[in-house]
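# Coordinates in review
Chain residues, written in single-letter form:
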Amino acid sequence: MSENIQRDTSGRLLLAWALLFTALVVLAGICLALGPLEARNIVPGLVGDAQRRCAKAVMALYLLASIVGAARFHGLMVGINNLFYFGITQVFPGVVAILAGWRVRPGAVAAALLAGDAVAIGLYEAGIGLGGVNPGLVGLGANAAVLAGLTRAWPVPRGASVS
């Protein structure tokens, strides 16, 4: 009996560590994208060290806002994170199409992305149970289906520009 409890506790501890490191990787990735993006685009007149300090300040403010938000607005942060993940994963079929060199129309990629987002957010907001399947995954399937369908219905002629 105590051996089963020991295994259960160690499994939960491993899961907690995995979740912690996943959250840290996500936060680090967002910070590494957000800081330079803001420093270069919102205040483009900065050069060298000033730009670096500005990027670091933005990253620090984002992390502080994340900590305060997680501590004070737990439900809101969970909702925002879900919506973020639903949205960010919908870029995947378009990126795969581009990297694979498939000839797809930009309008098809945009329509597929919007369809995937609509399905994922619609399922999430409606509270429809999917037996443990993430609504974002269902939206991703819809996204891929729309992209494939539109590409088959309106193919890009050989030699024509995809833009």
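An account of the accompanying structure is given in this report.

### Structural notes on the state of the cysteines
Inspection of every chain in the model, using the stated rule, returns zero disulfides. Between Cys31, a cysteine without a disulfide, and Cys54, which holds the nearest cysteine sulfur, the sulfur-to-sulfur distance is 14 Å. A relative accessible area of 5% means that Cys31 is categorised as buried. Judged by relative accessible area, which is 17%, Cys54 ranks as buried.

### With respect to the packing of helix α5 (residues 106-126) against helix α6 (residues 135-153)
The N-to-C vectors of α5 and α6 enclose an angle of 155°; their axes lie 7 Å apart at closest approach. When the interaxial angle is binned, α5 and α6 end up roughly antiparallel. For the pair α5 and α6, the sense of crossing is right-handed. For the pair formed by α5 and α6, the contact residues are Ala108, Val109, Ala111, Ala112, Leu113, Ala115, Gly116, Val119, Ala120, Leu123 and Tyr124 on the first element and Pro135, Gly136, Val138, Gly139, Ala142, Asn143, Val146, Leu147, Leu150 and Thr151 on the second.

### Re the environment of Phe84
By the element assignment, Phe84 lies in helix α3 (residues 74-89). As a C-alpha pair, Phe84 and Leu113 span 29 residues in sequence and 13 Å in three-dimensional space.

### With respect to the environment of Leu34
In this fold, Leu34 is placed in helix α1 (residues 2-41). Considering only alpha carbons, one finds Leu34 and Lys56, 22 residues apart in sequence, at a separation of 9.8 Å. With sequence-adjacent residues up to four places away left out, Leu34 is seen in contact with Val58 and Tyr62.

Rules used throughout
Residues numbered from 1 in each chain as written. Predicted model: local features only at pLDDT ≥ 70, side-chain atom pairs only at ≥ 80, totals over all residues. Heavy atoms only, no water. Disulfide = S-S within 2.5 Å. Buried < 20%, exposed > 50% of the residue type's maximum accessible area, 1.4 Å probe, protein only. Axes fitted to C-alpha atoms, helices over the stretch in contact; angles between N-to-C directions. Helix = DSSP H or I, 4+ residues; strand = E, 2+ residues; numbered from the N terminus. Parallel < 35°, antiparallel > 145°, perpendicular 65-115°, else oblique. Left-handed = near helix turned anticlockwise from the far one by under 90°. Contact = heavy atoms within 4.5 Å.

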